[in-house]
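# A closer look at the structure
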Amino acid sequence: MYDVVVIGGGPAGMAAALKAKEFVDMVAIVERNEYLGGILPQCIHNGFGLQYFKEDLTGPEFANHLVEKVKNEDIDLLLGEHVDALKNAGNFKIQLIGGKIESKSVIFATGAKEKTRYMINIPGDRPSGVMTAGTAQTFLDMHGYLPGKKVVILGSGDIGLITARRLAMEDAEVLGVYEILPYPSGLTRNIVQCLQDYDIPLFLNHTILEIKGKKRVEKVLVGEIKDGKLVRKEWVDCDTVIIAAGLVPNNKLLIKMGAEMDPKTGGPVVNEYLETSIKGAFSCGNSLVINDIVDYAVIQGEIAGRNAALYSKGKLGDRKFKRIEVGRGIKFVMPQMVSGEEDVELIMRVSEPMDTAKIRVGDERKTLRFVNPSTMISFKLKSGKLGDAKAEVL
Amino acid sequence: MKTTLRCIYCPTGCTLDVEIKDGRIIVKGDRCTKGCEYARQEVIDPKRIFFTVMRVEGEEYKVAAVRSVAPLPKTEIKKLNEKFAKKHLNKNTKVGDKIANIHGVDIIVTRI
Ligand SMILES: Cc1cc2nc3c(=O)[nH]c(=O)nc-3n(C[C@H](O)[C@H](O)[C@H](O)COP(=O)(O)OP(=O)(O)OC[C@H]3O[C@@H](n4cnc5c(N)ncnc54)[C@H](O)[C@@H]3O)c2cc1C
């Protein structure tokens, strides 16, 4: 019988297992890949760990720091394994391909999936050469093959920007990044160092209306949208379309178990312990909420790890939680349930771009400059300040 | 001369107002010392961390990843990439190994 089983061996899952191990003995990580690290090994650029390790690392190096620590601990690593079914019967009964294990608590750290062409509905032919940014990145930076020579990128998410830069470095022609919103969804630093450095144009208020091609992509119809109306359209010759339309939390197992989900985050509803509506089941990382940077995912992992361990020992305090009411100007707040009994770091996004945002949660206030929905906001709510539990932009 | 930059050091992405006056560089808007350093460097000689993938002897479907331990001149990044793309890494190379030195900056292996 395990005290804590972590599903997913990415950065969030490894951090969760390491933290849990400080409190309890029997800890395991179940990971479907043959290696730990999640998405990080394929992110060969720098920019990881500035907050957590106070060092500017690449993805593989950030992952390695955690992998080394995990391997030095007596944590069971069930690699190349897959959770087939999970039953909650007092303890959690976890059916793996290689057998059944049991645990007092579970942590879901299953990461996210990229939105595909079919999730965002681009009509037209179905030739080869249409792929997600993560797939293009895998071709290029894991296997060493250029996925296309004349590339159009749909969506300005960070993965798309980062892939655009690598393609340009490798002499592919990146014709442009087309973003339907009036502002980019990736981080500013990536607009500068990925697009501006390589003279890649960014077309805001633009989208792809149709893909044409018999065997391989031949051209795409791009359109400019203003106030919901199509004002201009044009065919662009290309051989590859890369979709960088964002990530969706991966929560198949939790949904099957009947956990309450938050349609705004795509993750489960959690309290400040990062415990879901199913007692003893915790969540962290990109399966909880899409994190801009890995540091946040790791911090959530540590919170979930500590609390799952305490739960397994019957030592997790029984608190009364209030649901945060999401008001004007706010897209979501995570955790959704807060007690007000201790300081808690809320993660939120605003619903539209603002030059100055005066944010209020309960009796706490914070003013931020230049925020838009693609900036993740961290908001410290001190104990005793929960007040009416409402979050809004004043 | 006055110019506005967006800092790329961390995800905060501060807006930096940079003024060059009588040979001095004045930076405003930075929220940490790294922002100020970045802005000064960016107006004199922009630099970036160089990273790329390299083939490994005997491997057909797997590439190793490398990076520079300090930033290198931005204008040289593409040339460097071409240079490294032509080389093969020895298959006994390990993560952390130094494989080259460019302008006094080590290039190290980050994944193999
Ligand atoms: C291309 C790209 C570039 C990025 N750039 C940066 C950057 O510059 N700086 C930065 O800080 N962050 C960056 N990020 C974000 C960062 O990588 C993520 O925040 C972080 O990886 C999230 O960690 P995670 O552990 O939640 O998820 P993941 O890393 O996705 O790990 C989830 C793990 O769960 C496993 N899993 C899923 N389902 C199951 C199952 N049923 N059974 C067993 N195992 C399962 C998966 O195989 C995977 O290993 C980038 C992300 C991407 C994709």
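See the structure shown above.
Residues numbered from 1 in each chain as written. Chains lettered and ligands numbered in written order. Predicted model: local features only at pLDDT ≥ 70, side-chain atom pairs only at ≥ 80, totals over all residues. Heavy atoms only, no water.

## A closer look at the layout of surface pockets
All names here are of chain A. We apply this condition: In this analysis, the protein atoms alone were mapped onto a 1 Å grid. Cavities are point sets where a 1.4 Å probe fits without being able to get out; pockets are open sets with protein on both sides within 12 Å along at least five of seven lines; lining residues have an atom within 4 Å of a point. Grid points are joined across faces, edges and corners, and a volume is the space filled by probe spheres set on the points. Segments assigned H or I by DSSP are reported as helices when at least four residues long, segments assigned E as strands when at least two residues long, and all are numbered from the N terminus. Residues are grouped as follows: nonpolar covers Ala, Val, Leu, Ile, Met, Phe, Trp, Tyr, Cys and Pro; charged covers Asp, Glu, Lys and Arg; every other residue, Gly included, is treated as polar.
Of the volumes computed, that of the second largest pocket is approximately 920 Å³. At 5 residues, the largest contribution of residues to the lining of the second largest pocket is made by strand 26 (residues 364-371). Its residues assigned to classes, the lining of the second largest pocket shows 15 nonpolar, 12 polar and 6 charged.

## Comments concerning the packing of aromatic side chains
Rules: Note on aromatic pairs: the rings of Phe, Tyr and Trp (six-membered ring only in Trp) are paired at centre separations within 6.5 Å, and the planes decide the class, stacked below 30 degrees, edge-to-face beyond 60, tilted for the rest. Here's how the labels work: a residue is buried when its accessible area is under 20% of the maximum for its type, exposed when over 50%, partly exposed in between, all with a 1.4 Å probe on protein chains only.
Evaluated as defined, the whole model comprises 7 aromatic pairs over all chains. For the ring pair Phe53(A) and Phe62(A), a centre distance of 5.0 Å and an interplane angle of 65 degrees mean the geometry is edge-to-face. A single burial state applies to Phe53(A) and to Phe62(A), both of which are buried. Each ring, one from Phe50(B) and one from Phe84(B), has its centre 5.5 Å from the other, and the planes form 50 degrees; the classification is tilted.

## Regarding the sheet that holds strand 8 (residues 88-89) of chain B
Filter applied, for reference: At least two DSSP bridges between two strands are required for those strands to pair. Should any heavy atoms of two residues lie within 4.5 Å, those residues are counted as being in contact. In this analysis, axes come from line fits to C-alpha atoms, helices being fitted only over the stretch in contact, and the angle between any two N-to-C directions falls in the range 0 to 180 degrees.
Strand order across the open sheet formed by 5 strands is 8-5-6-10-9 (chain B), with mixed pairing between neighbours. Edge positions in the sheet fall to strand 8 and strand 9 (98-102) of chain B, since each has one partner strand and no second. Where strand 9 of chain B and strand 10 (residues 105-111) of chain B come together, 4 bridges link them in antiparallel fashion. In the strand pairing of strand 10 of chain B, Ala100(B) is matched with Ile107(B). Across the sheet, helix 2 (residues 59-72) of chain A is in contact with strand 6 (63-68) and strand 10 of chain B; its angle to strand 10 of chain B comes to roughly 65 degrees.

## A few points about helix 2 (residues 77-85) of chain B
Rules: Of all possible arcs, the one meant is that of the directions from the helix axis to the C-beta atoms.
All buried positions along helix 2 of chain B are accounted for by Ile77(B), Leu80(B), Asn81(B) and Phe84(B). Buried positions in helix 2 of chain B, seen along its axis, are confined to an arc of 105 degrees and lie on one side of it. Packed against the buried residues of helix 2 of chain B are helix 5 (158-169) of chain A together with strand 4 (47-48), strand 5 (51-56), strand 7 (72-73), strand 9 and strand 10 of chain B.

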